Amino acid sequence: ELMNHLPAADFQITPILLLGSPGIGKTAFAIALSKIMGLPFKKLNGVEPSFTLTGSHPTWTKAAPGMMLEQLAATGCAAPLFLVDEIDKPSGERYPIVSALLELLEPENATEFKDEFFQISFNARHAIWLLTANTTTGVSHPLLSRMAVFDIPPPGIEQRKRIINAEFKKLCDRSGFNVKTTDCEITFLAERLDLDLRKITR
């Protein structure tokens with residue numbers, strides 16, 4: 001709300017980390033948020049290399065511009081919404097995406113963010129960042145310090161029943177086939193706390 005009263009040049013939404021168990025709806029929330037806000041949306045995985053965002057130097061094999069510059073250029077929107085999924089997973093990359101995120105999530109550094117392919121710097125500070133993780137264990141402290149962390153508790157039995165019913169409705173709508181279920185069956189699935197919601201949907 002305060003951002004509405006500041007000059008456009010000062011627009012900056014604190015990056016958000018959605019923390020919660022698998023299948024809880026973190027990714028679905030990010031997609032829904034981008035639609036509600038009417039913003040361009042791009043999803044990438046936390047295991048991707050840093051040059052996914054920064055681009056790679058023209059001397060490299062298969063060199064290409066970074067997603068950050070491509071998204072700004074293609075959409076003409078200074079504040080696209082990026083979702084970085086499962087940032088807590090180890091990437092195994094020599095150039096982990098975290099190194100690029102540390103720049104992009106710091107407003108002063110993001111103002112002069114460099115694309116390695118075009119060798120130009122540009123203002124990327126207005127981009128909106130959502131990151132997801134199951135735990136903070138695999139997330140570096142410098143990255144955590146740049147984000148507002150929202151710990152999402154697992155849904156209770158009644159919430160799980162509503163979610164499962166909604167998933168059944170989606171499956172029926174997509175398939176055109178009415179899958180009949182009873183309240184007992186839905187309750188049985190909802191009470192299977194050993195299964196996360198993603199497994200139940202499958």
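These notes cover the structure that comes with them.

Focus on the nonpolar core
Inference 1: By size, the foremost hydrophobic cluster in this structure holds 27 residues, and its most contacted members are Leu53, Met68, Ile87, Leu101, Trp129 and Leu131.
Inference 2: Discounting chain neighbours no more than four positions away, the residues touching Met68 are Leu53, Phe82, Leu104, Phe113, Phe122, Ala124, Ala127 and Trp129.
Inference 3: Ranked by size, the runner-up nonpolar core spans 7 residues in total, among them Leu39, Leu81, Leu83 and Leu130.

A closer look at the side chain of Thr54
Inference 1: Within the secondary structure layout, Thr54 lies in helix α2 (residues 51–54).
Inference 2: For Thr54, a relative accessible area of 13% gives the class buried.
Inference 3: With sequence-adjacent residues up to four places away left out, Thr54 is seen in contact with Gly66, Ala100, Phe113, Lys114, Asp115, Glu116 and Phe117.

Details of the environment of Thr59
Inference 1: Relative to the helices and strands, Thr59 is located in the loop between α2 and α3 (67–75).
Inference 2: Residues Thr59 and Asp173, 114 residues apart in the sequence, show an inter-C-alpha distance of 50 Å.
Inference 3: Reaching out from Thr59, the side chain makes a polar contact with the side chain of His57 at a distance of 2.9 Å.

Quick notes on helix α1 (residues 26–37)
Inference 1: With 12 residues, α1 ought to run about 16 Å at 1.5 Å a step, and its terminal C-alpha atoms sit 17 Å apart, in line with that.
Inference 2: If you check which residues of α1 are buried, you get Lys26, Thr27, Ala30 and Ser34. On an axial view of α1, the arc spanned by its buried residues comes to 105 degrees, and they lie on one face. Projecting away from the buried face of α1 at angles above 90 degrees are the exposed residues Lys35 and Ile36.
Inference 3: Packing partners of the buried residues in α1 comprise β1 (16–19), β2 (41–45), β3 (81–85) and β6 (128–133).
Inference 4: Among the residues trailing α1, Gly38 stands out with phi positive, at a value near 65 degrees.

A short note on the pattern of salt bridges
A side chain of one charge can pair with a side chain of the opposite charge if their charged atoms are brought near each other.
Inference 1: Inspection of every chain in the model, using the stated rule, returns 9 salt bridges.
Inference 2: The partner of Asp183 in a salt bridge is Lys161, and the shortest N-O contact between them spans 3.9 Å. With Asp183 in helix α8 (residues 183–190) and Lys161 in helix α7 (residues 157–175), this residue pair connects regions lying 22 residues apart in the sequence.
Inference 3: Connected through shared salt-bridge partners, Glu86, Asp88 and Lys89 make up one network.

Analysis parameters
Per chain, residue numbering runs from 1 following the sequence as it is written. Under the rules for a predicted model, residues below a pLDDT of 70 receive no local features and side-chain atom pairs below 80 are neither given nor counted, while totals for whole chains, interfaces and linings still include all residues. Derived side-chain values reflect all non-hydrogen atoms in the structure, with water molecules and hydrogen atoms excluded from consideration. For our purposes a nonpolar core is just a set of buried Ala, Val, Leu, Ile, Met, Phe, Trp, Tyr and Cys residues, chained together by side-chain atoms within 4.5 Å. Think of it in three bands: residues with accessible area under 20% of the maximum for their type are buried, residues over 50% are exposed, and the middle band is partly exposed, with areas taken using a 1.4 Å probe on protein chains only. By the convention used here, residues are in contact when the closest approach between their heavy atoms is within 4.5 Å. Helix numbering and strand numbering both begin at the N terminus, where a helix is a DSSP run of H or I of at least 4 residues and a strand a DSSP run of E of at least 2. Polar contact is defined as a pair of N or O atoms within 3.5 Å, subject to the rule that within protein one atom must be able to donate a hydrogen and the other to accept it, and that residues adjacent in sequence are counted only when both atoms are side-chain atoms. Multiplying 1.5 Å by the helix residue count minus one yields the expected span of that helix. Here the arc refers to the directions that run from the helix axis out to each C-beta atom. In what follows, salt bridge is the name for a side-chain nitrogen of Lys or Arg lying within 4 Å of a carboxyl oxygen of Asp or Glu.

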